[in-house]
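Spelled out from the first residue to the last, the chains are:
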Amino acid sequence: MEKTEKIWMDGKFVDWNDAKVHVLAHALNYGTGVFEGIRVYETEKGMAVFRLKEHVKRLMGACKVMCFDLPYTEEEVCDAIKETIRVNKKVDYIKPCVFLCGEAVGLNPIGVPVKFTITSVYLGSYLGKEAQEKGASLITSSWFRPWNLAAPAGAKVNGIYVTSCLAKMEAKKLGADEAVMLNAQGNVAECSGENIFIFKRGKLYTPKVSDSILEGITRNSILTIAGDLGYETVETEISRIDMLTADEVFMTGTAAEVSQVTKIDNRPIGDGKPGKVGKQLAAKFADVVRGKDPKYEKWLDRV
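Counting starts from 1 at the beginning of each chain's written sequence and moves along it residue by residue. Side-chain atom pairs in this predicted model are given and counted only at pLDDT of 80 or more, local residue features only at pLDDT of at least 70, and totals for whole chains, interfaces and linings cover all residues. The basis for every side-chain value is the complete set of non-hydrogen atoms in the structure, without hydrogens or water.

Colleague: What is the right way to look at the overall build of the protein in this model?
Modeller: Regarding its fold elements, the protein presents eight helices and 18 strands. Expressed as lengths along the three principal axes of its C-alpha atoms, the size of the protein is roughly 50 × 45 × 30 Å. The buried label goes to any residue with under 20% of its type's maximum accessible area, the exposed label to any with over 50%, and the partly exposed label to all in between, with areas taken from a 1.4 Å probe on protein chains only. Taking all 303 residues of the protein together, 51% fall into the buried category. His residues and chain termini do not enter the charge count, which takes Lys and Arg as positive and Asp and Glu as negative. Taken as the charge location is NZ of Lys, CZ of Arg, CG of Asp or CD of Glu. Within the protein, one finds 41 positive and 40 negative side-chain charges whose respective centroids are separated by 3 Å. Secondary structure elements follow DSSP: runs of H or I no shorter than four residues count as helices, runs of E no shorter than two count as strands, and numbering proceeds from the N terminus.

This is the structure we're talking about:
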């Protein structure tokens, strides 16, 4: 990750090193915040944000879940994100974050002030060039995906991602690129920061929203693109055995984009090489986000 010059904080730009909060900020101590990750791409018509409105709508929904009173409209948030991109030189990833910044000791969040920040960075390849080209190696994490009865699993709430951090750390320490987490029923949920798809018997399968997953925007994009390309897509429960015996497995996410998986728990997926369906969808997605297919122009917000 490469940092940029300015960060948007409550309507004003501040220098990167001056974007600070107190050590007793409620969000720092108790995880009371929500966030988004949004990709920015270079196109022939200039910089474009991929599915900006959908990301902002999901952010606002998460604020509602957490009872945060955000004094901005969706349009104002979209404008602030685009302005943050304009004032910084090298940007491919935007992270808006709404969190309780007031100094407080105790769990009660009522009345604690809310802060809204928009940070831009240059992220590059999230999983690394080798994993992107040759396929990623996964483990099945010993940590379960937080389920809907224990946490708002469908919202990007800061505190929930502690489990994702533990799963990611577990994977890296075991020599893998990423971890897949099961849900309370023992079925496949998602990876530490990505949704997961399998291709088996000629169909694409992905866990359904009620399986304690985040309803990913890249996930939704791939379901649409795959359908347009003639693939049958099914949102359903996926067992660990289904995943291990799939012909192909790939992950989708804003940071990871479309990343193929060639090994899970030291077992090769298919022939252990990136599959043709995943390759086709990754290539198509790359064209879509860079404005090379006018059919999906509505997904791009020009900066």
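Here the narrative resumes.
Colleague: Explanation requested: the nonpolar core in the structure shown.
Modeller: A general tendency of soluble globular proteins is for nonpolar side chains to be buried together. By convention a nonpolar core is built from buried Ala, Val, Leu, Ile, Met, Phe, Trp, Tyr and Cys residues, the set being connected through side-chain atoms within 4.5 Å. In this structure, Val 34, Ile 81, Ile 94, Val 98 and Phe 116 are the most contacted members of the largest nonpolar core, which totals 37 residues. Elements that contribute at least two residues to this core include exactly strand 4 (33-35), strand 5 (38-43), helix 2 (52-65), helix 3 (74-87), strand 7 (93-100) and strand 8 (114-122). When residues in this core are grouped by element, the largest group, six residues, is from helix 2. Any two residues whose heavy atoms approach within 4.5 Å are treated as being in contact. In contact with Val 34, not counting residues within four places along its chain, are Leu 59, Ala 62, Cys 63, Met 66, Phe 68, Pro 96, Cys 97, Val 98, Lys 156, Val 157 and Asn 158.

Colleague: Would you explain the packing of helix 2 against helix 3 in this entry?
Modeller: A pair of packed helices is captured by two measures, namely the crossing angle of their axes and the spacing between those axes. All axes here are fitted lines through C-alpha atoms, helices being fitted over the stretch that makes contact, and every angle between N-to-C directions spans 0 to 180 degrees. Two elements in contact, helix 2 and helix 3, have axes whose closest approach is 10 Å; the angle formed by their N-to-C orientations is 120°. Comparing the axis directions of helix 2 and helix 3 gives the class oblique. Crossing hand, helix 2 versus helix 3: right-handed. Where helix 2 approaches helix 3, its residues Leu 52, Lys 53, Val 56, Lys 57 and Met 60 are matched on the opposing element by Glu 74, Val 77, Cys 78, Ile 81 and Lys 82. Here the nonpolar group is Ala, Val, Leu, Ile, Met, Phe, Trp, Tyr, Cys and Pro; Asp, Glu, Lys and Arg are the charged ones; every other residue, Gly included, is treated as polar. Taken together, the residues that form the contact of helix 2 with helix 3 break down as six nonpolar, no polar and four charged. Each angle receives one of four descriptions, namely roughly parallel if under 35 degrees, roughly antiparallel if over 145, roughly perpendicular if within 65 to 115, and oblique otherwise. Put simply, a crossing is left-handed when the front helix is turned counterclockwise from the back one by less than a right angle, and right-handed when it is turned clockwise.

Colleague: Hey, could you run me through the side chain of Asn 88 in this one?
Modeller: Looking at where Asn 88 falls in the secondary structure, it is placed in the loop between helix 3 and strand 7. A relative accessible area of 5% means that Asn 88 is categorised as buried. Looking at Asn 88, its side chain comes within polar contact range of the main-chain nitrogen of Lys 6, at 2.8 Å. Here a polar contact is taken to be a pair of N or O atoms separated by no more than 3.5 Å, where protein atoms must pair a possible hydrogen donor with a possible acceptor and residues adjacent in sequence count only if both atoms sit in side chains. Polar side-chain contacts of Asn 88 include one of 3.0 Å to the side chain of Ser 120. Here Asn 88 is in contact with Thr 4, Glu 5, Lys 6 and Ser 120, once residues within four sequence places are set aside.

Colleague: Can you help me understand the pattern of salt bridges in this one?
Modeller: It is possible for side chains bearing opposite charge to pair when their charged atoms get close. Any Lys or Arg side-chain nitrogen found within 4 Å of a carboxyl oxygen on Asp or Glu counts as a salt bridge. One pass over the structure, following the stated rule, counts 21 salt bridges. The salt bridge partner of Glu 54 is Arg 51, with a shortest N-O separation of 3.3 Å. Residue class for Arg 51 comes out buried when judged on its relative accessible area of 8%. The structure contains a network of salt bridges with shared partners spanning Lys 53, Lys 82 and Asp 301.

Colleague: How do you make sense of the packing of aromatic side chains when you look at a structure like this?
Modeller: How two aromatic rings sit relative to each other is given by the distance of their centres and the angle of their planes. Centres within 6.5 Å make a pair out of two Phe, Tyr or Trp rings, where for Trp the six-membered ring is used; the pair is then stacked when the planes are under 30 degrees apart, edge-to-face when over 60, and tilted otherwise. According to the stated counting rule, one finds nine aromatic pairs in the structure shown. Taken together, a centroid distance of 5.1 Å and an interplanar angle of 70° make the contact between Phe 35 and Tyr 161 edge-to-face. Taken as a pair, Phe 35 in strand 4 and Tyr 161 in helix 5 (residues 161-173) lie far apart in primary sequence, 126 residues in all. Both rings, one in Phe 199 and one in Tyr 231, keep their centres 6.2 Å apart while their planes meet at 85°; by these two values the pair is edge-to-face. With Phe 199 in strand 12 (residues 195-200) and Tyr 231 in the loop between helix 6 (217-228) and strand 14 (233-235), this residue pair connects regions lying 32 residues apart in the sequence. Given the relative accessible area of 12%, Phe 199 is considered buried. Ring pairs connect the aromatic residues Phe 50, Phe 285, Tyr 296 and Trp 299, which therefore count as one cluster.

Colleague: So what exactly am I meant to see when it comes to the environment of Ala 167 here?
Modeller: Here Ala 167 lies in helix 5. Judged by relative accessible area, which is 0%, Ala 167 ranks as buried. Sequence separation between Ala 167 and Thr 140 is 27 residues, and the spatial gap between their C-alpha atoms is 8.8 Å. The residues touching Ala 167, leaving out its near neighbours within four places in the chain, are Ser 141, Trp 143, Ala 179 and Met 181.

Colleague: Whenever I open this one, helix 6 confuses me. Can you help?
Modeller: An α-helical turn contains 3.6 residues, so any two residues separated by three or four positions project in the same direction. In a helix, the anticipated span is given by 1.5 Å times the number of residues less one. Along its 12 residues, helix 6 runs 17 Å from first to last C-alpha, staying within 8% of the 16 Å computed at 1.5 Å per residue. Of all the positions in helix 6, only Ile 217, Thr 218, Arg 219, Ser 221, Ile 222, Leu 223, Ile 225 and Ala 226 are classed as buried. Immediately beyond the C-terminal end of helix 6, within one or two residues, lies Gly 230, with a positive phi of roughly 100°.

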